[in-house]
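Observations on chain architecture
Below, each chain spelled out in residue letters.
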Amino acid sequence: MTTHPYADDAMSFKETNPFESMMSRFDEAARLINLDPNIYKILRSPSREITVYIPTFMDDGRIEVFTGYRVQHSFVRGPAKGGIRYAPDVSLDEVRALAAWMTWKCAVVNVPFGGAKGGIVCDPQKMSIGELERMTRRYTAELLDFLGPEKDVPAPDMNTNEQVMAWIMDTFSMHARHTVTAVVTGKPIEIGGSRGRREATGRGILFVTNEACKKFNMDISKTRVVVQGSGNVGGIGAQLMQKEGYKIIAISEIKGGIYNPNGIDVNDALEYLKQNKTYEGYKEADFITNAELLELECDVLVPAATENQITSANADKIKCKILSEGANGPTTAAADQILYDKGIYVIPDILANAGGVTVSYFEWVQDRMGFFWREDEVNSRLKDTMVESFWSVNRYAEKHGVNMRIAAYMLAIDRVAYDLKLRGIYA
Ligand code: GLU
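Residues numbered from 1 in each chain as written. Predicted model: local features only at pLDDT ≥ 70, side-chain atom pairs only at ≥ 80, totals over all residues. Heavy atoms only, no water.

Now for the pairing of strand β4 (residues 115–121). Among the 7 residues that make up β4, 6 are buried, leaving the element largely enclosed by the rest of the structure. When strand β2 (residues 63–74) meets β4, the two strands line up antiparallel, connected through 7 bridges. Bridging from a neighbouring strand, R70 pairs with G118 of β4. Taken together, the 4 bridges between strand β3 (residues 80–87) and β4 define a ladder with parallel strand orientation. (Buried < 20%, exposed > 50% of the residue type's maximum accessible area, 1.4 Å probe, protein only. Helix = DSSP H or I, 4+ residues; strand = E, 2+ residues; numbered from the N terminus. Pairing = 2+ DSSP bridges.)

In the vicinity of the ligand there are 14 residues, among which K81, K105, P156, D157 and S360 approach most closely. K117 is positioned such that a nitrogen or oxygen atom in its side chain is 3.0 Å from an oxygen atom of the ligand. One of the side-chain N or O atoms of S360 is found 2.6 Å from an oxygen atom in the ligand. (Near = heavy atom within 4 Å. Polar contact = N/O pair within 3.5 Å; in protein donor to acceptor, adjacent residues only side chain to side chain.)

Below, the discussion takes up helix α7 (residues 234–244). Every α-helix winds through 3.6 residues per turn, so residues three or four apart in the chain are directed the same way. Among all positions in α7, only G234, G235, I236, G237, A238, L240 and M241 are buried. Taken together, the buried residues of α7 touch α6 (200–215), β6 (224–228), β7 (247–253), α8 (266–276) and β10 (300–303). Just beyond α7, the residue with positive phi is G245, at close to 115 degrees. (Contact = heavy atoms within 4.5 Å.)

Turning to a nonpolar patch on the surface, a few remarks are in order. Together, Y53, F57, I63 and V65 make up a nonpolar patch on the protein surface, roughly 430 Å² of accessible area in all. Elements represented by at least two residues in the nonpolar patch include exactly β1 (48–57) and β2. Relative to the helices and strands, I63 resides in strand β2. (Patch = residues over 30% accessible without salt bridge, like charges linked within 9 Å, V, L, I, M, F, W, Y side chains within 5 Å. Areas by Shrake-Rupley, 256 points an atom, 1.4 Å probe, with all protein chains shown as cover. Salt bridge = Lys/Arg side-chain N within 4 Å of Asp/Glu carboxyl O.)

A word on the pattern of salt bridges. Applying the stated criterion to the full structure yields 32 salt bridges. Here E363 and K187 are joined by a salt bridge, their closest N and O atoms 2.7 Å apart. Residue E363 is located in helix α12 (residues 355–369), and its partner K187 is located in the loop between α5 (162–176) and α6; the two are separated by 176 residues in the primary sequence. A single burial state applies to E363 and to K187, both of which are buried. The closest approach of N and O atoms between D299 and R224, which form a salt bridge, is 3.1 Å. Here the residue D299 occupies a position in the loop between α9 (290–294) and β10, and R224 occupies one in strand β6, the gap between them amounting to 75 residues. What makes R224 partly exposed here is its relative accessible area of 25%.

Next comes the structure, spelled out in structure tokens:
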């Protein structure tokens, strides 16, 4: 694997470097669409990268200085858009990759946003609510000049939630001297959030998986699903898929998962997880590791946890027919080819998990109108977007004889490049 000027040295040459994962697909898709070399040069680097140091009063009176990032990859199609994650292993390379993925994701579902991502290196599990609030507010204050409904609109991602979005909205509003709800999405409904936003990513996965099942004439009631992850994406996705009639045979969280070939009652299992903070000891199913879970024989596998779960080390042991990527970057570029050779149909992350940002777009629109939609309106517009995007990518894949991942990148890059050309290059 090659090294790139924007990849951290220490992480170069690694299959699991998310920036490499993103860039190798980008390069391949760019080559296949004969991307103009000047546009290629512009799109392969982010527009702006911001690093901030965040002094935060800890509960014991000490000050801790956290490192935070916001990478704004593109503004070509609209304000930059993307989540903020809190985790001990957040790195600039990861945030860079995730920011570019947001650009491609927004273009795949054709919402008028660019792409961005943020992150703070911290361990939210070890922080009190007060510490999290102070850190979030100071991070927002450091980024004031760069955020705004027309500039860059954050949202939740790993370990951030509606409460964190409320603090960002409030901090930004205090400095603006008026309430600016449209500066973030994924807020609580009471203060400008959208109905259906919380479930949107999981619901989007359901919609695209339904279409894939139609494509292969699969009967949903006989379709066995394995879900990695029990959070906002995996947990809600599993609940919605079960309600639709799919048979969920395994589900996991970070410490491990549960498996029952006859099916799991997802609501009951999630309730157990909430009470016990682990699936261990759950009587209705066997406890298994995450590695075992990924290799179970099933029809649909939904990796909805984190990056680099399917790599060249385990790709040939994956036994699903359809891989619906709930997480961002769960599969490495090296694993793509192995899955393709095995005939596994991959619904790539930038399509499969785009339901979240689609409803974020609806939230931003509603905030700017000051007029809020019914939940069924949100869900039916989301369905239209996901179904249409699925078939657009599928058509692209068939027309160009490429897999769904490369087709999604080709479609996205094509759209961004076209718009960039129309605007003209200010160079
Ligand atoms: N963090 C989510 C994602 O990766 C949502 C982003 C958004 O709504 O802006 O797609």
